[in-house]
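# Close look at the chain arrangement
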Amino acid sequence: MEQAIQVGLGERSYPIIIGAEVMGRVGSDLRARGLAKRYGIISDDRVAGLYGDRLRQVFRQSGLACDLITFPQGEASKNLRTIAALASTLAERGFDRKDALVALGGGVTGDITGFLASVYMRGIPFVQVPTSLLAQVDSSVGGKTGVDIPQGKNLIGTFYQPRAVYIDSGVLQTLPRDEFLGGMAEVIKYGASIDADFFAWLAENRDAILALDSSCIIPMIRRCCEMKAAVVEQDEREGGLRRILNFGHTIGHAVEAASGYTLIHGFAVAIGMRAVAELAVRCGVAGPEVALAIKRLLEAYGLPTSIPDDFDRQSLRTYLQTDKKTVGGRVFFVLPEQLGRVRITDQVADVDVDAVLGNVFS
Ligand code: GLY
């Protein structure tokens, strides 16, 4: 039940291959494409322990040389020190411009590996083998790479497209449950902001999706990748349209930061989507039934829709103002107009934002 779609970006176009056993064909596929003579598989220590040997074996069975290079798991590794350490390891082991990198892991690994690939020896190819739902439906597609600095997340990065994305739905079996649910927030994001039919399908198929039934999981990932590809094809560098992928993220990032990054990203995005839906109602952009439907679907998937009471409300406001998507002092919001349709605007009064933030505390 393998599926393939194409991200159409001219000479930088690439395939996304989705299926239950896709990891097993990465080696033969890359060999057939002749992408590189040697591969550096970059992974964190948790995912390397689960899938590192398997992927190494897949490469070796295809006659491809590879090294597995790891870094400590977690967002705390997403910095320039890790990039320097990984680059030194590559250089010590003799990796050159004919070689390529493989990102084996979740969003942090994809961001680190993509950034490293974009700067190592002025750029070498890389492919994505995403192992978290968030990475499979969002971050592995579209070429955003980056690392954090003390002043903010993803403040250093590049747009650098992978040469292929291999999505093995089977690896979701070992994903911690909260990480899976966090990924579902990004899946719901696509339905709420781009495709109302998909939103309804997610409601109808909740039990099968939560049971990781591949007859639902694979089409679900495929539909998300199709939507992501369509947006990226039209606006690769986020000049405008790509901002719709930040639905729920403006407030979500502030909630995540105000939690001291203890709340997982997808949970903060779920709260952000509910909050921005309430904001749309308050601004007269959407009817109350839109906000209610979004809240209900998030809750059906066990996602939070309220900010925990112990949060510092003032710091939320401060984080909103410093969000990197603030342009010229304005904060951009992606407001739902209907299910599956959004409006991007910087014309939201502070008083409305404050009122909504006050209402979404539990
Ligand atoms: N995750 C949002 C984007 O790739 O633009």
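Preceding this paragraph is the structure being described.
Residues numbered from 1 in each chain as written. Predicted model: local features only at pLDDT ≥ 70, side-chain atom pairs only at ≥ 80, totals over all residues. Heavy atoms only, no water.

## Regarding the side chain of Ser-193
Topologically, Ser-193 is positioned in helix α6 (residues 177-193). Judged by relative accessible area, Ser-193 falls into the buried class, the value being 4%. One polar contact links the side chain of Ser-193 to the main-chain carbonyl oxygen of Lys-189, over a distance of 2.7 Å. Those residues in contact with Ser-193, other than ones at most four positions away along the chain, are Ile-244, Phe-247, Gly-340, Arg-341 and Val-342. (Helix = DSSP H or I, 4+ residues; strand = E, 2+ residues; numbered from the N terminus. Buried < 20%, exposed > 50% of the residue type's maximum accessible area, 1.4 Å probe, protein only. Polar contact = N/O pair within 3.5 Å; in protein donor to acceptor, adjacent residues only side chain to side chain. Contact = heavy atoms within 4.5 Å.)

## Some remarks on the pairing of strand β5 (residues 100-105)
Extensive coverage of β5 is indicated by the burial of 6 of its 6 residues. Alignment of strand β3 (residues 38-44) against β5, held across 4 bridges, turns out to be parallel. Paired with Ile-42 across the two strands is Ala-103, which belongs to β5. (Pairing = 2+ DSSP bridges.)

## Side note on the packing of aromatic side chains
Applying the stated rule across the entire model yields 3 aromatic pairs. Residues Tyr-39 and Phe-59 carry aromatic rings whose centres are separated by 5.0 Å and whose planes lie at 50° to one another, so their mutual orientation is tilted. Note that Tyr-39 is positioned in strand β3 and Phe-59 in helix α2 (residues 45-61), a separation of 20 residues in sequence. Relative accessible area serves as the criterion here: at 0%, Tyr-39 is assigned to the buried category. (Phe/Tyr/Trp six-rings, centres within 6.5 Å; stacked < 30°, edge-to-face > 60°.)

## Examining the site of the ligand
In the neighbourhood of the ligand, the contacting residues comprise Asp-138, Lys-144, Lys-228, Glu-238, Arg-242 and Leu-245. Lys-144 has a polar side-chain atom sitting 2.9 Å from an oxygen atom of the ligand. Taking Lys-228, its side chain carries an N or O atom lying 2.6 Å from an oxygen atom of the ligand. Look at the ligand: alone it shows 200 Å² of surface, and the protein chains cover 86% of it. The residue inventory of the shell around the ligand, partitioned by class, reads 1 nonpolar, no polar and 5 charged. (Near = heavy atom within 4 Å. Areas by Shrake-Rupley, 256 points an atom, 1.4 Å probe, with all protein chains shown as cover. Nonpolar A, V, L, I, M, F, W, Y, C, P; charged D, E, K, R; others polar.)

## Brief notes about the environment of Gly-248
Among the structural elements, Gly-248 can be located in the loop between α9 (214-234) and α10 (249-258). Gly-248 gets classed as buried once you look at its relative accessible area, which sits at 4%. Sequence separation between Gly-248 and Arg-222 is 26 residues, and the spatial gap between their C-alpha atoms is 21 Å. Excluding anything up to four places from it in sequence, Gly-248 contacts Val-269, Gly-272, Met-273 and Val-276.

## Let's talk about the pattern of salt bridges
Evaluation of the coordinates by the stated rule reveals 30 salt bridges. A salt bridge links Glu-299 to Lys-295; its shortest N-O distance comes to 3.2 Å. Taken together, the positions of Glu-299 and Lys-295, both in helix α12 (residues 288-300) and 4 residues apart, correspond to about one turn of that helix. Residue class for Glu-299 comes out partly exposed when judged on its relative accessible area of 39%. (Salt bridge = Lys/Arg side-chain N within 4 Å of Asp/Glu carboxyl O.)

## Section: the nonpolar core
Nonpolar side chains in soluble globular proteins tend to end up buried together. Membership of the largest hydrophobic core comes to 81 residues, with the highest contact counts inside it found for Leu-133, Phe-180 and Leu-202. Residues within four places of Leu-202 in sequence aside, it is in contact with Met-184, Val-187, Ile-188, Ile-209, Met-220, Leu-297 and Tyr-301. Of all hydrophobic cores here, the second largest spans 26 residues; its members include Leu-30, Leu-55, Val-58 and Cys-66. (Core = buried A, V, L, I, M, F, W, Y, C linked by side-chain atoms within 4.5 Å.)

## Quick notes on the environment of Lys-37
Relative to the helices and strands, Lys-37 is located in the loop between α1 (26-33) and β3. Looking at Lys-37, the relative accessible area reads 46%, which means it is partly exposed. When residues no more than four places from it in sequence are discounted, the contact partners of Lys-37 are Ala-65, Asp-96, Lys-98 and Asp-99. A distance of 3.0 Å separates a polar atom in the side chain of Lys-37 from a polar atom in the side chain of Asp-99.

## Section: the pairing of strand β2 (residues 14-19)
With 6 of its 6 residues buried, β2 lies for the most part within the structure. What you see with β2 is no split at all: Tyr-14, Ile-16 and Ile-18 on one side and Pro-15, Ile-17 and Gly-19 on the other are buried throughout. Note: strand β1 (residues 3-7) against β2, 5 bridges, orientation antiparallel. Among the inter-strand pairings, Ala-4 is bridged to a residue of β2, identified as Ile-17.

## Structural notes on the packing of α10 against helix α11 (residues 265-282)
α11 packs onto α10 with a crossing angle of 130° between their chain directions and a minimal axis gap of 7 Å. Classified by the angle their axes make, α10 and α11 are oblique. When you trace α10 past α11, the crossing you get is right-handed. Of the residues in α11, those in contact with His-249, Ile-251, Gly-252, His-253, Val-255 and Glu-256 of α10 are His-265, Ala-268, Val-269, Ile-271, Gly-272, Ala-275 and Val-276. For the contact of α10 with α11, the per-class residue count stands at 7 nonpolar, 5 polar and 1 charged. (Axes fitted to C-alpha atoms, helices over the stretch in contact; angles between N-to-C directions. Parallel < 35°, antiparallel > 145°, perpendicular 65-115°, else oblique. Left-handed = near helix turned anticlockwise from the far one by under 90°.)

## Topic: helix α7 (residues 196-204)
All buried positions along α7 are accounted for by Phe-198, Phe-199 and Leu-202. Buried residues of α7, viewed axially, fall in a sector of 105°; they line one side. Within α7, the exposed residues directed more than 90 degrees away from the buried face are Asp-197 and Glu-204. Where α7 starts, the residue carrying a side-chain oxygen 3.0 Å from the main-chain nitrogen of Asp-197 turns out to be Asp-195. (Arc of directions from axis to C-beta.)

## Looking at the packing of α10 against helix α13 (residues 313-322)
Between α10 and α13, the least distance of the axes is 8 Å, while the angle of their chain directions is 125°. Considered as vectors, α10 and α13 are oriented oblique to each other. Handedness of the crossing formed by α10 with α13: right-handed. Residue-level inspection shows Thr-250, Ile-251, Ala-254, Val-255, Ala-257 and Ala-258 of α10 in contact with α13, the latter providing Ser-315, Leu-316, Tyr-319 and Leu-320. Counted by class, the contact of α10 with α13 contains 8 nonpolar, 2 polar and no charged residues.

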